[in-house]
Amino acid sequence: MSGLQFNNFDAFKDAADEKGGTQGDKVHVRVQQRNGRKCITTVAGLADDLDIKRICKAFKKNFSCNGAVQKDEEDKEVIQLSGDQRTNVKEFLVDQEICHSDTIVLHGF
């Protein structure tokens, strides 16, 4: 009986301790409800070496929507787009090889 080995997964281990398991390398695409039927899509977590304003300009041109670059609480740049653009943003980031599809997390309803 001493030779049995069960699941060695530690549920309380911090994800940042594992290689490649940090939260900082994920791109979070969220949709936030404004008033009525209006909503805003936010893109956060893009790499610092990317030109965020240029990516926002490409989003606005390809998706025919308005957008802006805002600073969040940690002085990171976040892209805000009008409308629900979650799937468009994911397809664009993967097609342009800005990031891989497994690093993009879609949030929202």
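Reading guide: rules and limits
- Residues numbered from 1 in each chain as written.
- Predicted model: local features only at pLDDT ≥ 70, side-chain atom pairs only at ≥ 80, totals over all residues.
- Heavy atoms only, no water.
- Phe/Tyr/Trp six-rings, centres within 6.5 Å; stacked < 30°, edge-to-face > 60°.
- Helix = DSSP H or I, 4+ residues; strand = E, 2+ residues; numbered from the N terminus.
- Buried < 20%, exposed > 50% of the residue type's maximum accessible area, 1.4 Å probe, protein only.
- Pairing = 2+ DSSP bridges.

Draft legend 1. Expanded view of the packing of aromatic side chains. Per the stated rule, a full pass over the model turns up three aromatic pairs. Pairing Phe59 with Phe63 gives two aromatic rings, centres 5.4 Å apart and planes at 20°, and the pair type is stacked. Highlighted residues: Phe59 and Phe63, both in helix H1 (residues 52–63), separated by four residues, approximately one helical turn. Here Phe59 matches Phe63 in class, with each residue buried. Taking 5.1 Å as the distance between ring centres and 70° as the angle between the ring planes, the aromatic pair formed by Phe59 and Phe92 counts as edge-to-face.

Draft legend 2. The pairing of strand S3 (residues 67–71), seen in detail. By the bridge criterion, five bridges tie S3 to strand S4 (residues 77–82) in an arrangement that is antiparallel. Its bridge partner lying in S4, Ala68 is registered against Gln80. Counting the residues between successive antiparallel strands, the hairpin from S3 to S4 contains five residues, one of them, Asp75, with a positive phi of roughly 60°.

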